[in-house]
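# Notes for the structure review
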Amino acid sequence: MNPNSNPIAQKPEWLRVKAPQWERVGNVKDILRDLALNTVCEEASCPNIGECFNAGTATFLIMGPACTRACPYCDIDFEKKPKALDPTEPTRLAEAVRRMRLNHVVITSVNRDDLPDGGADQFRQCIAAVRSASPGTTIEVLIPDLCGNWAALDIILSAGPEVLNHNTETIARLYRRVRPQGDYQRTLELLQRAKTLAPWLYTKSGIMVGLGETAAEVEQAMADLRSVDCDILTLGQYLQPSPKHLPVQSFVTPEQFEAWRVAGESMGFLQVVSSPLTRSSYHAEQVRSLMERYPRSRPQSAEALSVG
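The structure presented is a predicted model; accordingly, all values stated were derived computationally and were not measured.

Compared with the 16 Å implied by 1.5 Å per residue over 12 residues, the 16 Å span of helix H4 (residues 89–100) between its first and last C-alpha is a close match. Glu89, Pro90, Arg92, Leu93, Ala94, Ala96, Val97 and Met100 are the residues of H4 that are buried. Where H4 ends, the next residue or the one after it, Arg101, has phi of about 55°, a positive value.

Below, the structure is given as structure tokens:
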């Protein structure tokens with residue numbers, strides 16, 4: 001049997017997605033094409049792309065679309081020699097945020113292990129450009145592990161995003177198979193350092209299931225995230241992008257996702273978004289209401305925001 005063949009014959013009913021209203025989807029696509037921007041929605045074949053584009057939002061993918069890692073679960077293209085960074089990207093991204101009138105924006109990136117800072121300064125510039133073009137927009141960054149370069153993490157934090165997300169992706173036992181260039185403990189350390197250096201920050205992480213983990217292992221990963229004071233958790237079903245990617249080992253039921261949501265809230269997460277179709281930035285704008293319920297004071301001056 002091909003190790004990458006999928007033992008699951010058919011997606012269950014709860015994973016079927018409603019057709020979007022293409023008129024609004026087209027409007028978002030027009031803005032993205034006009035400004036030559038990439039989104040993780042498109043590059044990673046997200047199942048929620050129709051819903052999100054129809055709602056007038058998108059998750060921007062900077063420094064891409066090619067990645068320097070080839071994680072076997074991910075549909076983003078692998079490139080050993082990615083292109084140089086585009087100095088106009090921050091301005092173009094900020095213009096898209098302004099045109100789309102986003103109250104909350106999620107900015108993520110491919111892994112850029114070829115860069116000394118992993119692309120941290122490009123994140124900083126994008127945050128600054130959005131702040132200038134759309135001061136009322138809250139900013140969430142979904143960052144790579146930066147190869148453990150904590151000085152690079154300081155650069156991102158110094159720009160003052162409201163939310164810092166770094167995905168755990170899977171449980172500790174499966175890391176070598178699912179994230180061969182990642183490290184479970186490094187992920188936890190990144191989240192812990194972020195909260196220590198910027199205690200006003202809302203930290204966030206996500207786990208995908210259906211890769212062969214047990215429910216107990218998922219709950220242990222959730223507990224590990226709470227041990228580093230992670231505030232927000234997303235849990236969603238892994239879907240195999242193509243036959244060459246890791247196969248789905250199981251389709252987790254909506255009832256199990258609901259049980260994890262309840263368990264996560266009892267552990268102390270401020271917000272748990274848990275459902276088969278949940279992805280890292282799915283309904284990310286809901287964090288604004290969370291900020292109202294659990295406000296945190298943060299320094300406003302550039303000097304105070306500098307954590308390096």
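Below, the discussion takes up the packing of aromatic side chains. Summed over the entire model, instances satisfying the criterion amount to two aromatic pairs. Ring centres 5.5 Å apart and planes at 85° place the aromatic pair Tyr175 and Tyr184 in the edge-to-face group. On the basis of relative accessibility, which here comes to 5%, the residue Tyr175 falls in the buried class. Geometry around Phe269 places Arg226 over its ring, the cationic atom sitting 5.6 Å from the centre. Between the NZ or CZ atom of Arg296 and the centre of the ring of Tyr202, over which it lies, the distance is 4.4 Å.

In this section: the pairing of strand E7 (residues 232–237). Among the six residues that make up E7, six are buried, leaving the element largely enclosed by the rest of the structure. At this point the chain moves from strand E6 (residues 202–209), through helix H9 (residues 215–227), to the parallel E7, and the crossover so formed is right-handed. Sheet topology places E7 next to strand E8 (residues 271–274); four bridges connect them, and they run parallel. Residue pairing for E8: Leu233 is matched across the bridge by Val272.

Working note: α-helix, 3.6 residues per turn, so residues spaced by three or four point in the same direction. Look at helix H10 (residues 254–267): 20 Å from first C-alpha to last across 14 residues, which is about the 20 Å you get at 1.5 Å a residue. Among the residues of H10, those classed as buried are Phe257, Trp260, Ala263 and Gly264. For H10, the buried positions fall inside an angular range of 120° around the axis, keeping them on one side. Facing away from the buried side of H10, by more than 90 degrees, are the exposed residues Glu255 and Ser266. Tucked into the core, H10 has its buried residues touching E6, H9, E7 and E8. Phi for Gly268, located one or two positions after H10, is positive at around 115°.

Looking at where Ser280 falls in the secondary structure, it is placed in the loop between E8 and helix H11 (287–293). Look past the residues within four positions of Ser280 in its chain and what remains in contact with it is Glu140, Leu142, Asn165, Asn167, Lys204 and Thr234.

Turning to the sheet that holds strand E1 (residues 38–39), a few remarks are in order. Adjacent strands of a sheet form backbone hydrogen bonds with each other and so pair up, either parallel or antiparallel. Taken in spatial order, the eight strands of this open sheet run E1-E2-E3-E4-E5-E6-E7-E8, and their pairing is mixed. Of all the strands in the sheet, just E1 and E8 have a single pairing partner and so form its edges. One ladder, built from five bridges, connects strand E3 (residues 104–109) with strand E4 (residues 138–142); its direction is parallel. The partner of Thr108 across the bridge, within E4, is Leu142. On the sheet, H4 packs against strand E2 (59–62) and E3 and is oriented at approximately 170° with respect to E2.

Our focus in this paragraph is the environment of Trp14. Structurally, Trp14 is set in the segment before helix H1 (22–34). Along the primary structure Trp14 and Pro276 are separated by 262 residues, whereas in three dimensions their C-alpha atoms are 7.5 Å apart. Those residues in contact with Trp14 that sit more than four places away from it in its chain are Phe251, Val252, Thr253, Pro254, Pro276 and Leu277. At a separation of 3.5 Å, a polar atom in the side chain of Trp14 contacts the main-chain carbonyl oxygen of Val252.

Take the UniProt feature "binding site: [4Fe-4S] cluster 2" (unreviewed entry) in the protein chain next. Within this structure's numbering, the places UniProt gives as "binding site: [4Fe-4S] cluster 2" (unreviewed entry) are Cys67, Cys71 and Cys74. Structurally, Cys67 is set in the loop between E2 and H4. Once residues within four sequence positions are removed from consideration, Cys67 is found in contact with Ile76, Asp77, Phe78, Glu79, Val110 and Asn111. Within the secondary structure layout, Cys71 lies in the loop between E2 and H4.

Rules behind the numbers
- Positions within a chain are numbered from 1, following the residues in the order the chain's sequence is written.
- Totals for whole chains, interfaces and linings use all residues, but because this is a predicted model, local features are given only for residues with pLDDT of at least 70 and pairs of side-chain atoms are given and counted only at 80 or more.
- Side-chain numbers come from the whole structure's heavy atoms, not from hydrogens or water.
- Only DSSP runs of H or I with at least four residues qualify as helices, and only runs of E with at least two residues qualify as strands; both kinds are numbered from the N terminus onward.
- Here a helix's expected span is defined as the number of its residues, less one, multiplied by 1.5 Å.
- Burial classification: accessible surface area is computed with a 1.4 Å probe over protein chains only, and a residue below 20% of its type maximum counts as buried, one above 50% as exposed, and the rest as partly exposed.
- Put simply, two rings from Phe, Tyr or Trp (the six-membered ring, in Trp's case) pair if the centres are within 6.5 Å, and we call them stacked under 30 degrees between planes, edge-to-face over 60, tilted for the rest.
- Cation placement over rings: the criterion is NZ of Lys or CZ of Arg within 6 Å of the ring centroid and within 35° of the ring normal.
- By the criterion used throughout, a crossover qualifies as right-handed when its path from the first strand across the helix to the second strand runs clockwise, the strands pointing away from the viewer.
- Pairing between two strands is assigned when DSSP locates at least 2 bridges connecting them.
- As used here, the arc belongs to the directions running from the helix axis to the C-beta atoms.
- Note on definitions: a residue-residue contact is assigned when non-hydrogen atoms from the two residues lie within 4.5 Å.
- Only the contacting stretch of a helix is used when fitting its axis, a line to C-alpha atoms as for every element, and angles between N-to-C directions run 0 to 180 degrees.
- Contacts described as polar in this section are N or O atom pairs within 3.5 Å, which, within protein, must combine one atom able to donate a hydrogen with one able to accept it, while residues neighboring in sequence count only if both atoms come from side chains.
- UniProt positions are given in the numbering used here, feature names are shortened, and annotations may be inferred rather than shown by experiment.

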